[in-house]
Amino acid sequence: QVQLVESGGGLVQAGGSLRLSCAVSGPFFSTSTMNWYRQAPGKQRELVATTSSGGSTNYADSVKGRFTISRDNVKNMVYLQMNSLKPEDTAVYFCKMVNIFRKDYWGQGTQVTVSS
C-alpha cells in the first residue's frame with residue numbers, strides 16, 4: 001500500500017548541488033514524519049535530516065547549513081536539497097516514512113557520488 005520512490009541522485013563534483021526527491025504513495029503522508037538517511041560503503045546507515053508533520057526540521061551536524069529538507073503535503077513529496085557537496089557525502093540516500101502508528105516504510109535508495 002505505501003510506496004516510497006527516491007530520485008535525483010547522480011554524480012556531481014565537490015562543491016556542487018543535487019536535489020533528491022521522494023514520492024510517497026499511500027495514506028497518512030501529511031501526518032507522518034519523513035526522514036532522509038544515507039549509507040556509505042562499509043558504514044552504518046545514518047540519519048541525515050528529518051521533517052515532522054508540522055514542518056519542523058532537524059539535521060545531522062555533518063550536513064547542517066548545507067542540506068535542506070522540505071515536504072509538499074499536497075503532492076506527497078519530500079525533498080533534500082544538497083549544496084556544497086563533499087566527497088564524504090557519497091552514499092546511497094534513502095527516504096523513510098514513519099506514520100502515526102509508528103510503522104516505518106523505506107524507499108529503495110538513490111546513489112549520490114561526489115567526486116573530488
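See above for the structure.
Presented here is a report on the structure given in the accompanying data block. Since we're looking at a predicted model, the values are computed, not measured. Along each chain, residue indices are assigned from 1 in the same order as the chain's sequence is written. With pLDDT at 70 or above as the cut-off, local features in this predicted model cover only qualifying residues; side-chain atom pairs require 80 or more to be listed or tallied, and sums for whole chains, interfaces and linings still use all residues. No hydrogens and no water enter the side-chain calculation; it runs on all heavy atoms of the structure.

Observations concerning the state of the cysteines
What counts is decided by this rule: Here, the term disulfide refers to a pair of cysteine sulfur atoms separated by no more than 2.5 Å. Put simply, DSSP H or I for four residues or longer makes a helix, DSSP E for two residues or longer makes a strand, and each gets a number counted from the N terminus. Type-normalised accessible area, obtained with a 1.4 Å probe on protein chains alone, sets the label of each residue: buried when under 20%, exposed when over 50%, and partly exposed for intermediate values.
Summed over the entire model, instances satisfying the criterion amount to 1 disulfide. Here cysteine 22 pairs with cysteine 95 through a disulfide, and the sulfurs are 2.2 Å apart. On the sign convention where negative means left-handed, the S-S torsion of about -85 degrees between cysteine 22 and cysteine 95 marks this disulfide as left-handed. A residue pair is termed long-range when its members are at least 10 positions apart, and cysteine 22 in strand β3 (residues 18–25) and cysteine 95 in strand β9 (residues 91–98) qualify at 73 residues. For cysteine 22, a relative accessible area of 0% gives the class buried.

A look at the nonpolar core
Spelled out, the test is: Residues belong to one nonpolar core when they are buried, are Ala, Val, Leu, Ile, Met, Phe, Trp, Tyr or Cys, and are joined through side-chain atoms within 4.5 Å. Any pair of residues with heavy atoms lying within 4.5 Å of one another is described as a contacting pair.
Counting 28 residues, the largest nonpolar core has Leu4, Trp36, Leu80, Met82 and Tyr93 as the members making the most contacts within it. Elements that contribute at least two residues to this core include exactly β3, β4 (33–39), β5 (46–51), β7 (67–72), β8 (77–82), β9 and β11 (110–115). Apart from residues no more than four positions distant in its own chain, methionine 82 is found in contact with Gly16, Ser17, Leu18, Leu20, Arg66, Phe67, Tyr93 and Val112.

Structural notes on the environment of leucine 20
Mapped onto the elements of the fold, leucine 20 is located in strand β3. Residue classification places leucine 20 among the buried residues on the basis of a relative accessible area of 0%. The spatial distance from the C-alpha of leucine 20 to the C-alpha of tyrosine 93 is 8.5 Å, given a sequence separation of 73 residues. Once residues lying within four places of it in the same chain are set aside, the contact partners of leucine 20 are Ser7, Gly8, Gly9, Trp36, Val78, Tyr79, Leu80, Met82, Tyr93, Thr110 and Val112.

Some points on the sheet that holds β3
The following threshold applies: Paired strands are those between which DSSP finds at least two bridges. Orientation is described by axes fitted as lines to C-alpha atoms, over the contacting stretch for helices, and by angles from 0 to 180 degrees between their N-to-C directions.
Strand order in this open sheet of 4 strands is β1-β3-β8-β7, and the pairing throughout is antiparallel. Two strands in the sheet have a free side with no partner beyond their single neighbour: β1 (3–7) and β7. Neighbour-to-neighbour, the strand axes of this sheet turn through a mean angle of 15 degrees, independent of strand direction. Pairing between β1 and β3: 5 bridges, direction antiparallel. Bridging from a neighbouring strand, serine 7 pairs with serine 21 of β3.

Brief notes about the pattern of salt bridges
Basically, it comes down to this: The rule for a salt bridge is simple: a side-chain nitrogen of Lys or Arg has to be within 4 Å of a carboxyl oxygen of Asp or Glu.
Under the definition given, this model contains 5 salt bridges. Glutamate 46 is paired through a salt bridge with arginine 38; the nearest N and O atoms lie 2.6 Å apart. In this structure arginine 38 comes out as buried when scored by relative accessible area, which is 6%. A network of salt bridges, in which partner residues are shared, links Arg38, Glu46, Arg66 and Asp89.

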